[in-house]
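# Structure assessment
Here are the chains, one letter per residue:
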Amino acid sequence: MRSINISKTLNLAKGRIEVRYNGITTNDHIDLEKIEKLLDDFITNHSHNRMIENVSIVRTILKDCEEKELDIYYQDEHGLEFVKYDNFNLLFYEKSKREENKDSDRYKITYDATSGIKLDYNNNKNDVTDYPGIQLVSKEITEIVKQIYYLENTKAVTLDINDKELIEIYKLFYDETPDFSSKDINIKVQTMMSILVEFGISLNDDYDFSLCGKENIPVSLDLKQRVNKLYPLGKIDSIEDSVKFGDESKRTIKVVGECVRGAISNAKSQNEALITISKVIHAGRYCLASDSDIEKLSEFTERNTDEVASSIKLVKRIENKINK
């Protein structure tokens, strides 16, 4: 065992994020380079305006260390938050929220493990003389107290059965281990699962795919939340008690994955090629009549007829291979 001391700071256009961590490594096999890379990515590329998520991410990245001290500070144009832990216990918390278009704070709350909560609420007359104002004050105070409770109980991310299933499906489909800190991971997971639904493969949780964004890409918001939750785990090479699929399901996932990878291998953008396949399958299954022709699918998916025809041929090729 050896001590590990980390200090990360990033000055933003209108604020700052700071993370300070002191702990002890629990074994000699901890990948400190991976920890450093994930923390740098979190500091540089991730949003920081949800303190509970900040704590969970840092603790997940450092899950193989014994935490002694953890401080996280975040400040932007809307206010600031600061949380301090001692031996995993919440020692101090401070939060202030700025008034809209003003230089003063709407409220400031501090929590100390020994003296409890102190709240300074700079309410105006309307906050206590009309019902909507009273409701807003009540709601804000309730949310603040809840925040303290959740911060006291925020832990590292642990894998549940659906996480493990998703990881195993990804490995079979792409023939590689997933990296949940990769910028492409959401596209790869969303397209993978929306394609696999066509062939009867889904997770224990049923995910509803809806067309989202300017490109009308099939997206499951629940699945997106799951992938985002796994972000601090980074690249997952192995997991304890991994999920094993039945032979038929395993074969189907591998066949679909092999065919899809072969179809996109020469594409200029493999992500765009995956999206095209996903869109055509989703449109043909859920959005258009079953007898819709290539022209209608092309118009609906905003993909050219050659791309649509290739996707349809791919589906038939996969079906034939599965049924052999």
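Just above, that's the structure.
Below: a short report on this structure. (Residues numbered from 1 in each chain as written. Predicted model: local features only at pLDDT ≥ 70, side-chain atom pairs only at ≥ 80, totals over all residues. Heavy atoms only, no water.)

### Topic: the overall build of the protein chain
Rules: Numbering of helices and strands starts at the N terminus; helices are DSSP runs of H or I of at least 4 residues and strands are runs of E of at least 2. Only protein chains enter the calculation, and the probe is 1.4 Å; a residue is then buried if its accessible area is under 20% of its type maximum, exposed if over 50%, and partly exposed in between. Any two residues whose heavy atoms approach within 4.5 Å at even a single point are treated as in contact.
A tally of helices and strands in the protein chain yields 11 helices and 9 strands. Dimensions of the protein chain, computed from the C-alpha atoms along their principal axes, are close to 70 × 55 × 35 Å. Of all 324 residues assigned to the protein chain, the portion counted as buried reaches 44%. Relative to all contacts within the protein chain whose residues are 6 or more apart in sequence, the contacts with residues 24 or more apart total 56%.

### Describing a nonpolar patch on the surface
Test applied: Excluding any residue in a salt bridge, patches collect residues exceeding 30% relative accessible area, merging like charges within 9 Å and nonpolar Val, Leu, Ile, Met, Phe, Trp and Tyr side chains within 5 Å. To measure how exposed things are, a 1.4 Å probe is used in the Shrake-Rupley method; for residues, cover is taken only from the protein chains shown. Only one rule defines a salt bridge in this text: a Lys or Arg side-chain nitrogen within 4 Å of an Asp or Glu carboxyl oxygen.
Residues Ile117, Leu119, Ile141 and Val145 make up a contiguous nonpolar surface patch of about 290 Å² in total accessible area. Among the elements of the structure, strand S7 (116–121) and helix H4 (131–152) are those that each provide at least two residues to the nonpolar patch. The residue Ile117 is located in strand S7 in this model.

### Quick look at the packing of aromatic side chains
Geometrically, a pair of aromatic rings is defined through the distance of the ring centres and the angle of the planes. Using the following cut-off: Planes of paired rings set the category: under 30 degrees apart is stacked, over 60 is edge-to-face and the rest tilted, where pairs are Phe, Tyr or Trp rings (Trp by its six-membered ring) whose centres lie within 6.5 Å. Comment: the charge-over-ring label is applied if NZ (Lys) or CZ (Arg) is within 6 Å of the ring centre and within 35 degrees of the ring normal.
Overall, the coordinates contain 5 aromatic pairs when judged by the stated rule. Ring geometry for Tyr170 and Tyr174: centres 4.7 Å apart, planes at 45°, overall tilted. In this pair, Tyr170 and Tyr174 both sit in helix H5 (residues 161–174), 4 residues apart, roughly one turn of the helix. Tyr174 sits in the buried class, given a relative accessible area of 6%. Relative to Tyr174, the ring of Phe173 lies with its centre 4.8 Å away and its plane at 70°, an arrangement referred to as edge-to-face. Joined through ring pairs, the aromatic side chains of Tyr73, Phe82 and Phe92 make up one cluster. Above the face of the Tyr85 ring, Arg59 is positioned so that its terminal group lies 4.1 Å from the ring centre.

### Description of unusual backbone geometry
Positive phi, close to 75°, is recorded for Phe88, a residue that is not glycine. The residue Phe88 is located in the loop between strand S4 (79–86) and strand S5 (89–98) in this model.

### Points about the sheet that holds S4
Through backbone hydrogen bonds, the strands of a sheet pair up, either in parallel or in antiparallel fashion. The cut-off we apply is this: For two strands to pair, DSSP has to find at least two bridges joining them. Axis definition: a line fitted to C-alpha atoms, limited for helices to the stretch in contact. Angles are taken between N-to-C directions and run from 0 to 180 degrees.
Spatial strand order, S1-S2-S3-S4-S5-S6-S7: 7 strands in an open sheet with antiparallel pairing. Each edge of the sheet is formed by a strand with only one pairing partner; in this case those strands are strand S1 (3–12) and S7. On average, each strand axis in the sheet is inclined to that of its neighbour by 5°, with strand direction left out of account. Strand direction decides the pairing type here: strand S2 (residues 15–25) and strand S3 (residues 65–76), joined by 10 bridges, are antiparallel. From the neighbouring strand, Arg16 faces S3, where its bridge partner is Gln75. Of the strands in this sheet, S1, S2 and S3 are in contact with helix H1 (residues 32–45), which crosses S1 at around 20°. Across the sheet, helix H2 (residues 51–61) is in contact with S2, S3 and S4; its angle to S3 comes to roughly 145°.

### Some words on H5
Here is the rule we go by: Expected helix span is taken as 1.5 Å per residue step, with the number of steps being one fewer than the number of residues. As used in this structure description, the phrase polar contact means that two N or O atoms lie within 3.5 Å; if the pair is within protein, one of them must be able to donate a hydrogen and the other to accept it, and residues adjacent in sequence are counted only when both atoms belong to side chains.
The end-to-end C-alpha separation of H5 is 20 Å, in line with the 20 Å expected for 14 residues at 1.5 Å each. In terms of residue burial, H5 counts as a mostly covered element, since 12 of its 14 residues are buried. Buried within H5 we find Asn162, Asp163, Lys164, Glu165, Leu166, Ile167, Glu168, Ile169, Tyr170, Leu172, Phe173 and Tyr174. Looking at where H5 begins, the residue whose side-chain oxygen comes 3.0 Å from the main-chain nitrogen of Asn162 is Asp160.

### A short note on the nonpolar core
So the rule is basically this: Side-chain atoms within 4.5 Å link the members of a nonpolar core, which is a set of buried Ala, Val, Leu, Ile, Met, Phe, Trp, Tyr and Cys residues.
With 42 residues, the main nonpolar core has Ile169, Met192, Met193, Val256, Val260 and Ile318 as its most contacted residues. Mapped by element, the contributors of at least two residues to this core are H5, helix H6 (185–197), helix H7 (221–229), helix H8 (247–264), helix H9 (270–287) and helix H11 (305–323). When sequence neighbours within four positions are dropped, the list of residues in contact with Val256 reads Phe173, Ile195, Leu196, Phe199, Ile318 and Ile322. Among the nonpolar cores identified, the runner-up in size contains 34 residues, and Ile6, Ile61, Tyr74 and Val83 belong to it.

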